[in-house]
Amino acid sequence: MSNPLLAYIRGIKDIPTVVEINIRSGPNTAYDLVFKARVGVADLPVLDVRPDDKGANLQGKIYQWFLLKFPDGKTGWARDDLIEISGDGTTFGYSLLTTRAHAFALTRRVVAPVNSVPPVAPPVTVPAAPAVPTPPAAPAAPAVPPPAAAPTPSIPGAPPVVIVKTQGAANTRFGPGTNFNRTGVTLPRHNRYPLLEVQRETIGQNYRWFKINNNGQQHWIREDLVTHEGDTTRLGLPADLYPAPMQDKYWWVRGYNMPPNLDAGLPQHDGWDLGAANAEPVYAGPNGGLVVKSFECPKCTLEKPSTLLNGFRLGDPTIFSDTGWGNGYGSYIIVRYTNEQLPASTRDLLASKGFAGGAIFVMYAHLHTRAVENNQVLAPGQQIGTCGNTGNSEAPHVHLEIRIARDAQFIGWANIRSGVTDPVALFKR
């Protein structure tokens, strides 16, 4: 049996006066300094490895960051030029290292993870993100692209963390609900924080709230502002859900809002809106799937892809009966995930709702381009299209909507309307 990958705090060999290195909350020097680790500390388990998320490099070689677990239980990110590693690095794209090696001097090879696994009128989609200019782009091609690298799945046993997914900084509160005062502390996008506790609020939409450790202070943040990684099962959060379909480059816009839990003043909304730059790649689930419908919006042009840009009021009811606008969805793809392709926690949820053995159909709407055809069998994590601003939309985003069905045979989006469900049943935020 191979030894686990372990890290040694190396420091800077040419500067012996450096006796500590910075451990940060995320994979870049812009993230918060969590604590300092002394040079010479050894045998630190490696929990995750990621490239510098802002592309920082030395002479063209991008730094890699290692999430390490320290003897006191703390975790944090260390840059690869400051550490040495040894053990079995194959899980993270390195080789089997029988002796300690400078991590920066090694070449990391990242591969795709192994398989672990007529429409009705949609709701009005009103993203809060500013519009991103649409660059010129070629029309969608029917050719099948090679499978794309899906986001790295959670590592069993890794400490639970939350990652901020708002477009800007996220607010925190003194307790698990909007009835608690704000702390005045905001958390930057992409920052990572240890997850301590999960509670469901008793007012409003009944969101779950996450208690996090922010440099020794405990704050609460609402679940729609973050995603989570690591072993969260002890906290009552499924750790096996599908990743969001746009990897790390999306932000949260708005969520599912259906009777009887409609927020005061907010309209019904059948899914999630995830903002991103125009043409950001969109990926299928990690266990493959089947394209049951790939629709190109005939009225959505490159110059004026949305109804808003064509002089319509956002949410104009005439759009929802117009197939030329995709009934408001613009260009979209519907993918079927059979029961055996679903996470175990999702299968259990379906069974509890009376859909044991059922399938889930997912619509990815408002796309800029489509990369797959009707009846195409998808590889795990395959790119299916790109984020866009087509149909009833005011900025580039993906409307993610799921509907449950007892039968895996697709009988039309309108005919499975009764199965509409919050996407949190299948996806991490």
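Going by the structure above, here's the rest.
Fair warning: this is a prediction, and the values are worked out from it, not measured in the lab.

## As for the side chain of His269
Structurally, the position occupied by His269 is in the loop between β18 (251-254) and β19 (272-275). A distance of 2.9 Å separates the side chain of His269 from the backbone oxygen of Gly271, its partner in a polar contact. At 3.3 Å, the side chain of His269 forms a polar contact with the side chain of Asp273.

## Describing the pattern of salt bridges
All told, the structure shown has 15 salt bridges when counted by the stated rule. Between Glu223 and Arg208 there is a salt bridge, with its nearest N and O atoms 2.9 Å apart. Highlighted residues: Glu223 in the loop between β16 (217-222) and β17 (226-229) and Arg208 in strand β15 (residues 208-214), separated in sequence by 15 residues. Salt bridges sharing partners connect three or more residues here, namely Asp48, Arg50, Arg192 and Glu229.

## Quick look at the environment of Pro305
Mapped onto the elements of the fold, Pro305 is located in the loop between β21 (289-295) and β22 (332-337). Spatially, the C-alpha atoms of Pro305 and His368 are 8.3 Å apart, while their sequence positions differ by 63 residues. Apart from residues lying up to four places away in sequence, Pro305 is in contact with Cys300, Trp325, Asn389, Thr390 and Gly391.

## What about the environment of Lys165?
Counting through the fold element by element, Lys165 comes out in the loop between β11 (161-164) and β12 (170-173). Here Lys165 falls in the buried class, since its relative accessible area comes to 3%.

## Side note on the nonpolar core
Judged by nonpolar contacts, the single largest core of 34 residues is most densely connected at Tyr337, Val362, Tyr364, Ile384, Leu426 and Phe427. Of all the secondary structure elements, the ones that give two or more residues to this core are β19, β22, β23 (359-365), β26 (383-387) and β27 (397-405). By residue number, the principal contributor to this core is β27, which donates 4 residues. In this structure, Ala37, Leu97, Ala101 and Leu106 belong to the second largest nonpolar core, which totals 23 residues.

## Regarding the pairing of strand β4 (residues 44-51)
The buried count for β4 comes to 6 of 8 residues, which makes it a mostly enclosed element. Bridge count for strand β1 (residues 6-9) against β4 is 2 bridges, and the pairing is antiparallel. Looking at the pairing, Leu6 lines up with Pro45 of β4. Where β4 meets strand β7 (residues 64-69), 5 bridges bridge the pair, whose relative direction is antiparallel. Across the sheet, Val46 pairs through a bridge with Leu68, a residue of β7.

Rules behind the numbers
- Residues numbered from 1 in each chain as written.
- Predicted model: local features only at pLDDT ≥ 70, side-chain atom pairs only at ≥ 80, totals over all residues.
- Heavy atoms only, no water.
- Helix = DSSP H or I, 4+ residues; strand = E, 2+ residues; numbered from the N terminus.
- Polar contact = N/O pair within 3.5 Å; in protein donor to acceptor, adjacent residues only side chain to side chain.
- Salt bridge = Lys/Arg side-chain N within 4 Å of Asp/Glu carboxyl O.
- Contact = heavy atoms within 4.5 Å.
- Buried < 20%, exposed > 50% of the residue type's maximum accessible area, 1.4 Å probe, protein only.
- Core = buried A, V, L, I, M, F, W, Y, C linked by side-chain atoms within 4.5 Å.
- Pairing = 2+ DSSP bridges.

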